[in-house]
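Geometric and topological summary
In case you want the letters, here they are:
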Amino acid sequence: MAENVTIPLTSGELGFLWESYHCETMFLCTFQYFKTVADDNDLHKNLQSGIEITESNIQAIKEVFIKEKLPIPGAFDEHDVNLNTPKLYSDQTINYLLKEMSETRFEIYSKYLKMTSRLDIRALCNQFITDYNRFCHQVTETLLNKGLYVRAPQIPYPDDVDFVKNKSYLTGWFGERRPVEANQLAHISLNIQRNTLLKTMLIGFIQTVESDKIRDLLEVGKVMSDKMLESLHLFLKDADLQAPIQSGLSVMKSTKAPFSDRFVLEFLLNITHCAISVYGESLALSKRRDLFVFYEKSITGTTLYANQIANLLIELGYLEQPPIATDYEDLANKRD
């Protein structure tokens with residue numbers, strides 16, 4: 001281990017550390033606020049676990065930055081969260097959000113592991129994966145115990161092994177439609193849950209942000225979620241299946257902002273980037289042509305929306321510059 005510490009960080013490792021520091025500080029602000037307003041005891045325990053994980057991860061990443069003599073990112077701190085504001089979301093909403101947050105970080109850190117080679121950084125990444133896997137299980141168990149966990153639609157077990165005999169298996173625009181497959185149903189279900197939760201979060205942000213420009217962009221996101229939900233519900237209706245709906249999602253009447261405008265905009269950008277990744281996974285499983293085209297268009301539309309968010313972050317001076325490669329042409333021009 002000691003011999004590897006002196007090896008310079010690769011771009012993948014540097015990117016992992018920088019992005020993780022930003023996200024962990026964002027999560028810490030979120031957990032701290034929710035803990036001050038949550039009423040449920042089990043939710044309190046889960047939020048305390050989340051705080052302990054993020055504080056430990058932030059410290060571990062900070063130590064690497066110090067050891068490598070790198071500037072510590074500005075990221076998010078106590079200035080981005082107001083712990084004295086009233087409750088904005090129901091406990092059920094917070095529970096579902098914790099599940100989504102823990103699952104997202106577990107998946108992202110699993111992907112980052114493939115981009116790390118230095119043993120101390122791999123150990124750090126593995127620890128993050130372990131922590132969020134445990135946290136995700138803890139949150140899921142709470143949802144199950146409270147009868148809040150939303151399951152994907154059930155379908156009959158197959159009677160025997162079968163093989164596709166005709167190309168109508170791929171149809172979806174014309175002709176007889178092939179029933180939606182199990183994996184496709186699971187992804188439709190998850191995308192309905194994610195968009196329903198996102199819409200709830202957006203409603204709360206819309207009524208509390210200070211900037212009119214950010215509010216307008218949040219409204220655009222809410223309309224996009226509505227359209228996405230409408231389309232996803234139609235796919236289930238076509239299969240004569242009921243949509244899975246979370247119980248108790250709601251927004252309180254408070255108009256006091258618990259988070260800074262910069263926090264809200266970056267939170268939205270992170271959610272949007274995750275949505276692009278999720279739609280990509282759904283597209284990969286979509287053998288039906290209509291589903292394939294639907295997810296393809298969803299990725300395009302969501303990518304354009306992410307670009308709008310990034311542009312506004314830049315316009316407002318909120319977007320912190322991540323580590324970048326040297327622009328040698330620009331460096332040469334500065335000498336002239």
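The coordinates are above.
Residues numbered from 1 in each chain as written. Predicted model: local features only at pLDDT ≥ 70, side-chain atom pairs only at ≥ 80, totals over all residues. Heavy atoms only, no water.

**Quick notes on the environment of Ile 94**
Which entries qualify depends on this criterion: The helix count covers DSSP runs of H or I at least four residues long, the strand count covers runs of E at least two residues long, and both are numbered beginning at the N terminus. Residue burial is assigned from relative accessible area. The probe radius is 1.4 Å, only protein chains are included, and a residue is buried under 20% of its type maximum, exposed over 50%, and partly exposed in between. It only takes one pair of heavy atoms within 4.5 Å for two residues to be counted as in contact.
Its location among the elements puts Ile 94 in helix H4 (residues 91-113). Residue classification places Ile 94 among the buried positions, given a relative accessible area of 1%. Expressed as a C-alpha distance, the spacing of Ile 94 and Leu 9, which sit 85 residues apart in the sequence, is 36 Å. Those residues in contact with Ile 94, other than ones at most four positions away along the chain, are Phe 34, Leu 43, Leu 47 and Tyr 89.

**A look at the nonpolar core**
Here is the rule we go by: Joining through side-chain atoms within 4.5 Å is the link that ties buried Ala, Val, Leu, Ile, Met, Phe, Trp, Tyr and Cys residues into a set, and such a set is a nonpolar core.
Of all hydrophobic cores here, the largest spans 70 residues; its most connected members are Phe 16, Leu 17 and Leu 218. With twelve residues, the single largest contributor to this core is helix H2 (residues 11-37). For Leu 17, the contacting residues outside a window of four places in its chain are Leu 9, Ile 61, Val 64, Phe 65, Ile 121 and Leu 124. Core analysis: the next-biggest nonpolar cluster, separate from the first, contains 15 residues, Ile 188, Ile 192, Phe 235 and Phe 294 among them.

**Some details on the packing of aromatic side chains**
Note the threshold: Only Phe, Tyr and Trp rings take part, Trp by its six-membered ring, and two of them pair if their centres are within 6.5 Å. Stacked means planes under 30 degrees apart, edge-to-face means over 60, and tilted covers everything else. To sit over a ring, a charge needs its Lys NZ or Arg CZ within 6 Å of the ring centre and within 35 degrees of the ring normal.
According to the stated counting rule, one finds 22 aromatic pairs in the structure shown. Summarising the aromatic geometry, the rings of Tyr 109 and Phe 128 are spaced 5.1 Å apart at their centres and angled 55 degrees between planes, so their arrangement reads as tilted. On the criterion of sequence distance, the pair formed by Tyr 109 in helix H4 and Phe 128 in helix H5 (residues 119-145) is long-range, its members being 19 residues apart. We note that Tyr 109, like Phe 128, is buried. Ring centres of Tyr 109 and Tyr 132 lie 5.9 Å apart, and the angle between their planes is 40 degrees; this geometry places the pair in the tilted category. Taken together, the positions of Tyr 109 in helix H4 and Tyr 132 in helix H5 put the pair 23 residues apart, joining distant regions of the chain. Within the aromatic cluster, the residues linked to one another by ring pairs are Phe 16, Phe 27, Phe 31, Tyr 109, Tyr 112, Phe 128, Tyr 132 and Phe 135. Its guanidinium or amino end placed over the ring of Tyr 109, Arg 105 lies 4.5 Å from that ring's centre, counting from NZ or CZ.

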